[in-house]
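Chain and residue survey
Below are the chains, spelled out letter by letter.
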Amino acid sequence: MGKDSSIEWTDHTFNPWWGCAKVSPGCANCYAEAWARRVGDAIWGKDADRRTFGQKHWEEPIKWNAAAASEKNRKRVFCASMSDVFEARIELHSQRKRLWLLIESTPWLDWLLLTKRPQNIRRMVPWANNWPENVWIGTSVEDQQRAIERLPHLLQHPAKRRFLSCEPLVDAVDLSPWITKRPKPLHQIDWVIAGGESGAKARPMFPGWARQLRDQCNAAGIRFHFKQWGHWAPVQAKKATLSSTVQQFWDDVAGEKVFMEAKGKKESGRYLDGVTWDELPQAA
């Protein structure tokens, strides 16, 4: 949990608990699992315990809400960076119920609920077809298969905002089935966050993958946020020399060879074709 989060697309982060279990390719090098192990918490995996928190922890968003109300300036809260709100474990039911009450009591905070388990949303939220104005619901879409599996579950909900986290993007994602020919029962996508994987074991995200998402969002009027290249960044072919840190790949979307250099998240930066994409949807 943290006030003034370092994550570019949110103001604060809040975790009702810590711990999760891996469910898809995007989880392979999970930063949250690595962080939990670093601080000595054995809370990862389907059979591991989850770490819960006391009253002081739950009072922090109340303070953020009061400050936002005083400033007349809404704040975004990413929930949850170290867990998944929609993980199906019966012992977490009381924590979820407490979270719903907290969300309803903090109207100056826009709660960004991101999950890899959107199939569980309907039976876990108490709002049915009348979602609070301050709830944005999102799902992780790291490759095309996850788009196919998760978007129909996410887009059925009439939340005020629906968003996708295409990070870490480990394969190309084509959103056209849900943009240009969106099935009538499904709601629109309001926002897409894209980014590559960080860390020494990171998989590269090719330029064509990022550009395809950007271009599709721009054409459809969807707000687009490019968070980072991650550990690998593109190198101009004329400047590329293959080495232990520079490798050649085939970018299937661009239809060309690309050179990628492993130089770390900070040095790789977050420019996409010379532009910083920091778009955000308006608060409801």
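For the structure given in this document, a descriptive report is provided here.

Rules used throughout
Residues numbered from 1 in each chain as written. Predicted model: local features only at pLDDT ≥ 70, side-chain atom pairs only at ≥ 80, totals over all residues. Heavy atoms only, no water. Helix = DSSP H or I, 4+ residues; strand = E, 2+ residues; numbered from the N terminus. Rg over C-alpha atoms; globule rule 2.2 N^0.38 Å. Contact = heavy atoms within 4.5 Å. Areas by Shrake-Rupley, 256 points an atom, 1.4 Å probe, with all protein chains shown as cover. Axes fitted to C-alpha atoms, helices over the stretch in contact; angles between N-to-C directions. Parallel < 35°, antiparallel > 145°, perpendicular 65-115°, else oblique. Left-handed = near helix turned anticlockwise from the far one by under 90°. Nonpolar A, V, L, I, M, F, W, Y, C, P; charged D, E, K, R; others polar. Pairing = 2+ DSSP bridges. Buried < 20%, exposed > 50% of the residue type's maximum accessible area, 1.4 Å probe, protein only. Polar contact = N/O pair within 3.5 Å; in protein donor to acceptor, adjacent residues only side chain to side chain. Salt bridge = Lys/Arg side-chain N within 4 Å of Asp/Glu carboxyl O. Arc of directions from axis to C-beta.

Check the secondary structure of the protein and you find 8 helices and 14 strands. In terms of overall dimensions, the protein is globule-like: its C-alpha atoms have a radius of gyration of 19 Å, near the 19 Å expected for 284 residues. When the backbone C-alpha atoms are referred to their principal axes, the protein occupies close to 55 × 45 × 40 Å. Sequence separation of 24 or more characterises 78% of the internal contacts of the protein that already satisfy a separation of 6 or more. Summed over its atoms, the accessible surface of the protein is roughly 13,500 Å², and 50% of this surface lies on carbon and sulfur atoms.

A few words now on the packing of helix α2 (residues 55-71) against helix α3 (residues 93-104). The geometry of α2 relative to α3 is characterised by a closest axis approach of 11 Å and an angle of 25 degrees between their N-to-C directions. If you check the angle between α2 and α3, you find them roughly parallel. As for how α2 packs across α3, the hand of that crossing is right-handed. Residues Gln-55, Trp-58, Pro-61 and Ile-62 of α2 touch α3, and the partners they reach there are Gln-95, Arg-98, Leu-99 and Leu-102. The class makeup of the residues in the contact of α2 with α3 is 5 nonpolar, 2 polar and 1 charged.

What follows covers the sheet that holds strand β9 (residues 223-228). Across a sheet, paired strands are connected by hydrogen bonds in the backbone, their directions being either parallel or antiparallel. Read across the open sheet, the 7 strands follow the order β1-β4-β5-β6-β7-β8-β9; overall the sheet is parallel. Each of the sheet's edge strands pairs with one partner strand only, and the pair in question is β1 (12-13) and β9. Here 5 bridges tie strand β6 (residues 135-140) to strand β7 (residues 161-166), and the two strands are oriented parallel to one another. Counterpart to Ser-140 in the pairing with β7 is Ser-165. On top of the sheet, α3 reaches β4 (75-79), β5 (109-115) and β6; it is set at about 150 degrees to β5, its chief contact.

Right, let's talk about the side chain of Asn-15 for a bit. Assignment of secondary structure puts Asn-15 in the loop between β1 and β2 (17-18). A relative accessible area of 0% places Asn-15 in the buried class. Here the side chain of Asn-15 touches Ser-81 through a polar contact of 3.0 Å, landing on its backbone nitrogen.

In this section: the pattern of salt bridges. Applying the stated rule across the entire model yields 21 salt bridges. Of the charged contacts in the structure, one is a salt bridge between Glu-87 and Arg-50, with a shortest N-O distance of 2.7 Å. Pair noted here: Glu-87 is in the loop between β4 and α3 and Arg-50 is in the loop between α1 (31-38) and β3 (51-52), with a separation of 37 residues, a long-range link. What makes Glu-87 buried here is its relative accessible area of 5%. Close ionic contact of Arg-203 with Glu-197 constitutes a salt bridge, the shortest N to O distance being 2.9 Å. Look at Arg-203 and you get partly exposed, because its relative accessible area is 26%. By relative accessible area, which is 5% here, Glu-197 ends up buried.

Turning next to helix α5 (residues 144-154). For α5, the full list of buried residues reads Arg-146, Ala-147, Arg-150, Leu-151 and Leu-154. Buried positions in α5, seen along its axis, are confined to an arc of 110 degrees and lie on one side of it. Structurally, α5 contributes buried residues whose contacts are with α4 (121-124), β6, β7 and α6 (176-179).

It is worth spelling out the environment of Ser-165 at this point. Considering the arrangement of structural elements, one finds Ser-165 in strand β7. The class for Ser-165 is buried, based on a relative accessible area of 4%. With 28 residues separating them in the primary sequence, Ser-165 and Ile-193 have C-alpha atoms 4.8 Å apart. Each residue touching Ser-165, except ones within four places of it in the same chain, is listed here: Leu-114, Thr-139, Ser-140, Val-141 and Ile-193.

Moving on, we get to the sheet that holds strand β12 (residues 256-262). Here we have 3 strands laid out as an open sheet, ordered β10-β12-β11, and antiparallel in their pairing. Either end of the sheet is taken by a strand with one partner, and the two such strands are β10 (232-235) and β11 (246-251). Neighbouring strand axes in the sheet, compared pairwise and without regard to direction, differ in orientation by 45 degrees on average. Relative to β12, β11 runs antiparallel, the two sharing 6 bridges. Counted as the bridge partner of Phe-249 is Val-258 from β12. Its contacts with the sheet place helix α7 (residues 207-220) against β10, β11 and β12, and it is angled at close to 50 degrees to β11.

Right, let's get into the side chain of Gln-95. Structurally, Gln-95 can be placed in helix α3. Setting aside chain neighbours within four positions, we find Gln-95 in contact with Pro-16, Trp-17, Thr-52 and Trp-58.

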